[in-house]
Amino acid sequence: MTADTFRKTLTKAIRGSNEALADIIEMYMPLINRYSYVDGELDEDLRQYIFLHIFKNLSKFSL
Amino acid sequence: MRLLRGNRVEKQDRTSTIFESRHTIKVCLGFFVPRALMVCFGGKEHTMYGKSTERDELRGKFTKWMEVTVYRARLNYLKAQRRRIDTIPLEDAPIEKLCSQEGEEQWIQKMRRADSLDFEEEALAAAFSQLPAMKKEVLTMLFLLDMTPQEIAGELSCTVQYVYKQRSLALKKLREALKGGDAL
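Now for a description of the structure that goes with this document.

What counts and how
- Residues numbered from 1 in each chain as written.
- Chains lettered and ligands numbered in written order.
- Predicted model: local features only at pLDDT ≥ 70, side-chain atom pairs only at ≥ 80, totals over all residues.
- Helix = DSSP H or I, 4+ residues; strand = E, 2+ residues; numbered from the N terminus.
- Buried ≥ 20, exposed ≤ 12 C-beta atoms within 10 Å, placed from the backbone.
- Contact = placed C-beta atoms within 7 Å.
- Nonpolar A, V, L, I, M, F, W, Y, C, P; charged D, E, K, R; others polar.
- Axes fitted to C-alpha atoms, helices over the stretch in contact; angles between N-to-C directions.
- Parallel < 35°, antiparallel > 145°, perpendicular 65-115°, else oblique.
- Expected span 1.5 Å × (residues − 1).
- Core = buried A, V, L, I, M, F, W, Y, C linked by C-beta atoms within 7 Å.

### With respect to the overall build of chain A
Secondary structure summary: chain A contains 4 helices and 2 strands in total. Going from the N terminus to the C terminus, chain A shows its helices and strands as α-α-α-β-β-α. Relative to its 63 residues, chain A shows a buried fraction of 17%.

### Some words on the interface of chain B and chain A
The interface of chain B with chain A comprises 14 residues on the first partner and 15 residues on the second. Of the residues assigned to the side of chain B that touches chain A, the class counts are 8 nonpolar, 1 polar and 5 charged.

### Here we look at the packing of helix H6 (residues 133–144) of chain B against helix H8 (residues 160–177) of chain B
Residue and element names in this part refer to chain B. Interhelical geometry of H6 versus H8 gives an angle of 100 degrees and a closest axis separation of 9 Å. Put simply, H6 runs roughly perpendicular to H8. The segment H6 lies against H8, with Met-134, Lys-135, Val-138, Leu-139 and Leu-142 engaging Val-163, Gln-166, Arg-167, Leu-169 and Ala-170. Of the residues contributing to the contact of H6 with H8, the split by class is 7 nonpolar, 1 polar and 2 charged.

### Some words on H6(B)
Between its first and last C-alpha, H6(B) extends 15 Å over 12 residues, near the 16 Å set by a 1.5 Å rise per residue. Of the residues flanking the end of H6(B), it is Asp146(B), one or two places downstream, whose phi is positive at about 50 degrees.

### Let's talk about unusual backbone geometry
Residues and elements named next belong to chain B. The phi angle at Asp-146 is positive, at roughly 50 degrees, despite the residue not being glycine. Looking at the element boundaries, Asp-146 is found in the loop between H6 and helix H7 (149–156). Overall, the presence of 8 C-beta atoms within 10 Å leaves Asp-146 in the exposed class. Its identity is not glycine, yet Ser-157 carries a phi of approximately 45 degrees, on the positive side. By the element assignment, Ser-157 lies in the loop between H7 and H8.

### Points about helix H2 (residues 57–83) of chain B
The end-to-end C-alpha distance of H2(B), which contains 27 residues, comes to 39 Å, matching closely the 39 Å that a straight helix rising 1.5 Å per residue would cover. Taken together, the buried positions of H2(B) are Phe62(B), Met66(B), Thr69(B), Val70(B), Ala73(B), Arg74(B) and Tyr77(B). Buried-residue contacts for H2(B) involve helix H1 (3–15), helix H3 (29–35) and helix H4 (44–57) of chain A.

### Remarks on the nonpolar core
When a protein is soluble and globular, its nonpolar side chains tend to lie buried together. Counting 14 residues, the largest nonpolar core has Ala13(A), Ile50(A) and Val70(B) as the members making the most contacts within it. Of all the elements in the fold, those that place two or more residues in this core are H1, helix H2 (18–27), H3 and H4 of chain A together with H2 of chain B. Sort the elements by how many residues they give to this core and H2(B) lands first, with 5 residues. Not counting residues within four places of it along the chain, the set of residues in contact with Ile50(A) comprises Ile32(A), Tyr35(A), Ser36(A), Val70(B), Ala73(B) and Arg74(B).

### Quick notes on the environment of Gln161(B)
Residue and element names in this part refer to chain B. Within the fold, Gln-161 resides in helix H8. When the 10 C-beta atoms within 10 Å are taken as the criterion, Gln-161 is described as exposed. Distance from Gln-161 to Gln-150, taken between C-alpha atoms, is 9.3 Å for residues 11 residues apart in sequence.

Purely spatial values, then, with no claim about function.
Structure follows, in structure tokens:
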């Protein structure tokens, strides 16, 4: 994804586009997965909580 | 002796200034040379394979933001998990535990302990019963079991500050429920 495409996708995601948000989340899935492990096991609830936290706070990110 | 000491000090000063100046040159080279190269090559970073990649500041900023957000979310979740009181539905509770003699005795003791709260007013008892489980537990430990905030923090695996906060919030709620601060 080029810088210009990334900017457009991120802007759309912040404005509430679900597709753009899905693209952004998919891009950062490795990071989210890395933080979703507790005691060496993937915690699905934690991953869900992280998703919700990102959805809630994405609008606070200033471009 | 004084002269010798003086010479030593001078030598030390000289060596330290030489090291400092070398360090300054290194820092200057490290700072200015890459930027000068960047300007020469039109603001693009050149990789070792000869491919040029544009510097995406927004993506870098967003990645940093994501890392911090995800890290905080994880911390919040784990804290909440530690504070959560384990409960199971009554249907799933083992019958042996429900019907055993020990369980009954424990229940009677618990009820006696609850009675020993000795509320002056029924309104206070009602207000206390409406408090969340954590606040009830903190108040009980503080005033009934005479535990210190440090001991409670250790018991509940939380910070002392959290215990004080729970205490003040619980007391505030009780005052509000009693419509004034006279009762407490």
